[in-house]
Amino acid sequence: MTHLVHTPEALKDILGAAPVSLVPTMGALHDGHLALVKHAKSLGNPVVVSIFVNPLQFAPGEDLDAYPRTLAEDVEKLEAEGVEAVFAPSPETMYPHGPRTTIHPGPLGQVLEGASRPTHFAGVLTVVAKLFALTGAADAFFGEKDYQQLALIRQMVEDLHMPVRIHGCPIVRDADGLALSSRNRYLSAAERQTALALPKALQTGSLEQARSLLDATPNLTLDYLVTTAPDLGELPAGFTGEARILVAAKVGSTRLLDNAPIQIS
C-alpha cells in the first residue's frame with residue numbers, strides 16, 4: 001500500500017528512522033519519473049516520491065498556474081510501482097515563513113538555463129535541500145534530462161556537506177526519440193514533430209552539424225546549444241575525451257531541454 005501524506009510528521013510515523021530513497025518530482029508523472037522510482041527501489045530501502053509544484057523556481061509570467069497537477073493519477077502509478085509513501089506537502093508546509101532563506105547556486109547557476117531564468121536554480125536548490133531535510137533522505141534520484149540541475153544539486157551536496165548520495169539516472173525517451181518531460185503535453189501534434197529536431201541534432205555528435213540542423217528547422221527558436229565538460233565546466237583548447245552537448249529551444253510556447261554525452265577526438 002502506498003501512503004499519501006502531506007506533512008513530515010506523518011511521513012515519519014509511517015517510515016520511522018529507516019533510511020529513505022527519495023525521488024523528488026513536481027508530479028504529472030511519466031515513464032521517466034517511474035524509471036527513477038525503479039532505480040530507487042533497487043537499493044532496497046523505503047522509497048518516498050515527493051510531489052510538490054515549487055513556486056520558488058517559477059519566475060513571474062512562467063507556467064506555475066498552468067503546470068499540470070494530477071495527484072490522484074500520480075499516486076495510482078506509484079502504488080503500482082510499490083512506492084511506500086508519496087509526500088505531497090502544501091506551500092505552507094514547505095515555506096511556513098515564505099521564501100525567507102534560500103540557497104544561492106553560485107556561478108554555475110547563472111549560465112545556460114540560469115541566463116534565461118536567473119532565479120530558477122535558487123528555487124530548485126532551496127526546495128531540494130528542504131526535501132532532503134524533511135524526508136531524512138539517505139539517497140536521492142534525479143534524471144539527466146535536467147543536466148544542469150543535477151550538476152548543481154551535486155555541487156550543493158558537496159559544498160554544504162549534506163549526508164545524501166545523489167544518483168543521476170539516464171534520460172528516458174519516447175519511441176520517437178523525444179526526451180520525456182511533463183511539458184511535452186503542451187505540444188500540438190505539429191509542434192511535437194518540430195521538437196524531434198532536438199534529439200536528432202544531438203545524435204549528430206557534432207556541435208556544428210547540430211546547429212545547422214536546428215537553424216534549418218522552421219518554428220523552432222534556439223536558446224542555446226553548447227558543449228561542456230561533464231561537470232559543465234569549460235572545455236580547454238585542444239580538449240579530447242568525453243564531454244556533454246546541451247540544448248534548449250522553444251517550440252511554440254513550450255521550452256524544451258535535451259542533452260547527450262559526446263566524444264571529442
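Residues numbered from 1 in each chain as written. Predicted model: local features only at pLDDT ≥ 70, side-chain atom pairs only at ≥ 80, totals over all residues. Heavy atoms only, no water.

## Digging into the overall build of the chain
- Counting its regular elements, the chain contains 10 helices and nine strands.
- With the C-alpha coordinates of the chain rotated into their principal frame, the extents come out at 55 × 40 × 35 Å.
- Every one of the 265 residues in the chain was classed for burial, and the buried ones make up 50%.
- For the chain, the share of sequence-separated contacts (at least 6 apart) that also reach a separation of at least 24 residues comes to 70%.
- Working note: accessible area of the chain is about 12,600 Å², and carbon and sulfur atoms make up 54% of it.
- Taken as two groups, the 20 positive and 29 negative side-chain charges of the chain have centres that lie 1 Å from each other. (Helix = DSSP H or I, 4+ residues; strand = E, 2+ residues; numbered from the N terminus. Buried < 20%, exposed > 50% of the residue type's maximum accessible area, 1.4 Å probe, protein only. Contact = heavy atoms within 4.5 Å. Areas by Shrake-Rupley, 256 points an atom, 1.4 Å probe, with all protein chains shown as cover. Lys, Arg positive; Asp, Glu negative; His and termini not counted. Charge placed at Lys NZ, Arg CZ, Asp CG, Glu CD.)

## Quick look at the packing of aromatic side chains
- Enumeration over the complete set of coordinates arrives at two aromatic pairs.
- Measuring from ring centre to ring centre gives 6.2 Å for Phe 52 and Tyr 95, while their planes differ by 50°; the resulting arrangement is tilted. With Phe 52 in the loop between β3 (47-51) and α3 (71-80) and Tyr 95 in the loop between α4 (91-94) and α5 (113-116), the pair connects residues that are 43 residues apart, well separated along the chain. Summarising the burial analysis for this pair, Phe 52 and Tyr 95 share the class buried.
- Between the aromatic rings of Phe 58 and Tyr 67, the centroid separation amounts to 6.0 Å while the plane-to-plane angle is 75°, which identifies the pairing as edge-to-face. By the burial criterion, Phe 58 is buried, and Tyr 67 matches it. (Phe/Tyr/Trp six-rings, centres within 6.5 Å; stacked < 30°, edge-to-face > 60°.)

## Some details on the UniProt feature "active site" (unreviewed entry) in the chain
- Mapped onto this numbering, the UniProt entry gives "active site" (unreviewed entry) at His 33.
- Judged by relative accessible area, His 33 falls into the buried class, the value being 14%.
- Those residues in contact with His 33, other than ones at most four positions away along the chain, are Thr 25, Gly 27, Ala 28 and Ser 182. (UniProt positions renumbered as here; feature names shortened; annotations may be inferred.)

## Here's the deal with the UniProt feature "binding site: (R)-pantoate" (unreviewed entry) in the chain
- According to UniProt, the "binding site: (R)-pantoate" (unreviewed entry) feature falls on Gln 57 and Gln 149. Across 93 residues in sequence, these annotated residues keep their C-alpha atoms within 11.5 Å of one another, forming a single compact spot.
- Among the secondary structure elements, Gln 57 is positioned in the loop between β3 and α3.
- Apart from the residues within four sequence positions on either side, Gln 57 is in contact with Met 26, Glu 62, Arg 117, His 120, Gly 123, Val 124 and Val 127.
- Structurally, Gln 149 can be placed in helix α7 (residues 147-159).
- Non-local contacts of Gln 149, meaning those with residues more than four positions away in its chain, are made with Phe 121, Val 124 and Phe 142.

## Notes on the sheet that holds strand β8 (residues 241-251)
- With antiparallel pairing, three strands are arranged side by side in an open sheet as β7-β8-β9. Two strands lie at the open edges of the sheet, namely β7 (220-228) and β9 (254-264), each paired on one side alone. Neighbouring strand axes in the sheet, compared pairwise and without regard to direction, differ in orientation by 15° on average.
- One ladder, built from eight bridges, connects β7 with β8; its direction is antiparallel. When the sheet's bridge partners are listed, Val 226 is paired in β8 with Leu 246.
- Sitting on the sheet, helix α10 (residues 207-215) is in contact with β7 and β8, with an inclination near 175° to β7. (Pairing = 2+ DSSP bridges. Axes fitted to C-alpha atoms, helices over the stretch in contact; angles between N-to-C directions.)

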